[in-house]
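So you can see what is in the structure, the chains are spelled out below.
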Amino acid sequence: MGISEAIKTVIVALVICLIEFLVIIIASPMAKPSLVLRFLPEDVRIAGKDHPEPPKSKQIIAHILLGMFLISMLAGIIYLGVDGIRSGYGFWKLTLRFIVMLYIMKAFDIIVQDQWLVMTVGYFKKLYPETSECEGWKNRGFNNKNQIIRIIIYPFLCMLTAGLFMIF
């Protein structure tokens, strides 16, 4: 992967990260609490389980925004895959491209979303004030197990994705 291809991969990953971040900020107050809380520490989920649901119209907007994020992620994968094939990438080069993209997104998820937005800024604590006294807000490793599992699975997922692009 040359410098321009690497820059292109990084730019696509960062654009997807920005879209995801904006969707989280905008959609979370409009989403069903059970959807938002499932990504937070267990004691926070329990404390916030009775939080009132927003009106259905707001929930629909939240789901539309989530759908837009998923479409943008899929579009980024397709763009990088098709661009890679057109540039003559083989299986391993395409796999590496997808790994770079996913690991940038994972680093963004851990550093910006989990550690900064959730733990440092307390964004969700403000959305769910009934959870403000929960110990989970102090546990910076609240989802380490899930993150490690994803980090281990990503190379295999990238190989599968690269294989699909090589076939089609």
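Residues numbered from 1 in each chain as written. Predicted model: local features only at pLDDT ≥ 70, side-chain atom pairs only at ≥ 80, totals over all residues. Heavy atoms only, no water.

### Remarks on the side chain of R97
Consideration 1: Counting through the fold element by element, R97 comes out in helix α5 (residues 91–120).
Consideration 2: From its side chain, R97 meets the backbone oxygen of E5 in a polar contact 3.4 Å long. (Helix = DSSP H or I, 4+ residues; strand = E, 2+ residues; numbered from the N terminus. Polar contact = N/O pair within 3.5 Å; in protein donor to acceptor, adjacent residues only side chain to side chain.)

### Details of the packing of helix α4 (residues 56–86) against helix α7 (residues 144–167)
How two helices pack is summed up by the angle between their axes together with the distance between the axes.
Consideration 1: Put simply, α4 and α7 touch, their axes get as near as 10 Å, and they point 55° apart. Judged by the inter-axis angle, α4 sits oblique to α7. For α4 against α7, the interelement crossing comes out right-handed. Of α7, the residues touching α4 (which contributes I77, I78, G81, V82 and I85) are T161, F165 and M166.
Consideration 2: Residues that form the contact of α4 with α7 fall into these classes: six nonpolar, two polar and no charged. (Axes fitted to C-alpha atoms, helices over the stretch in contact; angles between N-to-C directions. Parallel < 35°, antiparallel > 145°, perpendicular 65-115°, else oblique. Left-handed = near helix turned anticlockwise from the far one by under 90°. Contact = heavy atoms within 4.5 Å. Nonpolar A, V, L, I, M, F, W, Y, C, P; charged D, E, K, R; others polar.)

### Considering the side chain of D109
Consideration 1: Turning to its location among the elements, D109 is positioned in helix α5.
Consideration 2: Within the local environment of D109, its side chain forms a polar contact with the side chain of Q113, the two groups lying 2.9 Å apart.
Consideration 3: Polar contacts involving the side chain of D109 include one to the side chain of Q147, which spans 3.0 Å.
Consideration 4: Sequence-distant contacts of D109, defined by excluding residues within four places in its chain, comprise D114 and Q147.

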